[in-house]
Amino acid sequence: MPPGLHYYPGHLERPQQEALMLLLQKVLADAPAFQPVMPRTGRPFSVRMSNLGPLGWVSDRAGYRYQPTHPDTGRPWPALPDAILAIWRAVSHYPHDPEACLVNLYQGGAKMGLHQDRDEEEFAAPVVSISLGDSAIFRIGGTERGGRTEALKLSSGDVLVMGGPARLTFHGIDRIHQGSSTLVPGGGRINLTLRRVTRPA
Ligand code: MD3
Ligand code: FE
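Residues numbered from 1 in each chain as written. Chains lettered and ligands numbered in written order. Predicted model: local features only at pLDDT ≥ 70, side-chain atom pairs only at ≥ 80, totals over all residues. Heavy atoms only, no water.

How should the sheet that holds strand β9 (residues 150-154) be read in this particular structure?
Sheet strands line up and pair through hydrogen bonds in the backbone, either parallel or antiparallel. With antiparallel pairing, the 4 strands of this open sheet are ordered in space as β6-β11-β8-β9. Only two strands of the sheet have a single partner each, and these edge strands are β6 (112-115) and β9. Mean inter-strand twist for the sheet, computed between neighbouring axes without regard to direction, equals 25°. Direction of pairing for β6 relative to strand β11 (residues 171-176): antiparallel, over a ladder of 2 bridges. Residue pairing for β11: M112 is matched across the bridge by I173. (Pairing = 2+ DSSP bridges. Helix = DSSP H or I, 4+ residues; strand = E, 2+ residues; numbered from the N terminus. Axes fitted to C-alpha atoms, helices over the stretch in contact; angles between N-to-C directions.)

Sorry, what's going on with the nonpolar core here?
Nonpolar side chains in soluble globular proteins tend to end up buried together. Counting residues in each nonpolar core, the largest one holds 28 residues, and the members touching the most others are L52, I84, I130, L132, I190, L192 and L194. Residues in contact with L52, not counting those within four places in the same chain, are L24, V27, W77, P78, A79, L80, P81, I84, E99, A100, C101 and V103. Counting residues in hydrophobic clusters, the runner-up holds 27 residues, among them A100, V127, A166 and I176. (Core = buried A, V, L, I, M, F, W, Y, C linked by side-chain atoms within 4.5 Å. Buried < 20%, exposed > 50% of the residue type's maximum accessible area, 1.4 Å probe, protein only. Contact = heavy atoms within 4.5 Å.)

What am I meant to see in the packing of aromatic side chains here?
The description of an aromatic ring pair rests on the distance of the ring centres and on the angle between the ring planes. Applying the stated criterion across every chain, the model contains 4 aromatic pairs. Among the aromatic residues, those joined into a ring-pair cluster are F45, W57 and Y64. (Phe/Tyr/Trp six-rings, centres within 6.5 Å; stacked < 30°, edge-to-face > 60°.)

Could you clarify how one ought to interpret the coordination of the iron ion (ligand 2) in this entry?
Only H115 (NE2), D117 (OD) and H171 (NE2) from the protein coordinate the iron ion (ligand 2), and they sit 2.0 to 2.2 Å from it. Along the chain, the residues that donate to the iron ion (ligand 2) are spaced as H-x1-D-x53-H. Linking H115 in strand β6 with H171 in strand β11, this pair joins segments that are 56 residues apart in sequence. Among the residues examined, H115 registers a relative accessible area of 21% and is labelled partly exposed. (Donors = N, O, S within 2.8 Å, 3.2 Å for Na, K, Ca; no water.)

When you look at the sheet that holds strand β7 (residues 127-133) in this model, what are you seeing that I'm missing?
With antiparallel pairing, the 6 strands of this open sheet are ordered in space as β1-β10-β7-β12-β5-β2. Across the chains shown, the open sheet's two edge strands, defined by having one partner strand only, are β1 (5-8) and β2 (48-52). Across the sheet, the axes of successive neighbouring strands diverge by a mean angle of 20°, strand direction being ignored. Of the strand pairs in this sheet, β2 and strand β5 (residues 100-106) are connected by 5 bridges, and their pairing is antiparallel. Across the sheet, M49 pairs through a bridge with N104, a residue of β5. Contacting β1, β2, β5, β7, β10 (159-162) and β12 (189-195), helix α2 (residues 82-91) crosses the sheet at an angle of about 60° to β12.

Could you clarify how one ought to interpret the pattern of salt bridges in this entry?
Two side chains with opposite charge may pair up if their charged atoms get near one another. Tallying each qualifying case throughout the model produces 10 salt bridges. For R14, the salt bridge is made with E18, and the minimal N-O distance between the two is 2.8 Å. Of this pair, R14 and E18 both sit in helix α1 (residues 14-30), 4 residues apart, which is roughly one turn of the helix. On the basis of relative accessible area, R14 is assigned to the partly exposed category, the value being 36%. Residue E18 is classed as partly exposed on the basis of its relative accessible area of 38%. (Salt bridge = Lys/Arg side-chain N within 4 Å of Asp/Glu carboxyl O.)

Where do I start with the side chain of E99 in this structure?
Position of E99 relative to the elements: it lies in the loop between α2 and β5. Reaching out from E99, the side chain makes a polar contact with the backbone nitrogen of V197 at a distance of 2.7 Å. Ignoring anything within four residues of it in the chain, the contact list for E99 reads L52, G53, P54, L55, R195, R196, V197 and T198. (Polar contact = N/O pair within 3.5 Å; in protein donor to acceptor, adjacent residues only side chain to side chain.)

In this structure, what is going on with unusual backbone geometry? I would like to understand it.
Across residues other than glycine, the phi torsion is negative in most instances, and most of the peptide bonds are trans. In this model, R40 sits at a positive phi of 65°, which is unusual for a non-glycine residue. Topologically, R40 is positioned in the loop between α1 and β2. Positioned with a positive phi, H93 is a non-glycine residue whose angle comes to about 50°. As for its placement among the helices and strands, H93 is situated in the loop between α2 and β5. Residue classification places H93 among the exposed residues on the basis of a relative accessible area of 72%.

Dropping the structure here:
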């Protein structure tokens, strides 16, 4: 595993995962999943998304960016629940709270191509990722596109922390093992990706 990548398999027990799911169902009623599209081409992502916290990541024909409101409803994103902040505080070793919690919803054959997370100002903060529901094949490489990659299976309750040199590595989701978990009503996988966006004063 690349230096700076910390993997906590089974960090969340099933009851905690269920509590998070209930919480997510409530907040997603206020900030429904939207369909991001690729900049310029407008090609839809196979993953649907929503966000929690003061800033949310969006992608549309104009580009990738963080913004304080939902692209469809125009309302502010729901607050980041304490139960999610507590996970960041426990594993991030970073002295400020995250500003964005991207909610990625994988249903059917959804996947995510190899990419870097580089729309933030603050690369000194790690990215913390929480997996819920169906397991996924996660792929991670180095900081250059086209380098060697390796695969890791992410299961419900697993937490990944990408800091230091791992913060700018290429990564993606190759595939989801549909039906491998009963956690998400209707099936599928939910990934919560927590990020600090602005550089603290
Ligand atoms: C490695 N999400 O939202 S989580 C993303 O499962 C994203 O939905 C995937 O990549 C998902 O940007 C992968 C694991 C992850 C998240 C962020 C990273 C790995 C990372 C940032 C840097 C390096
Ligand atoms: Fe990413």
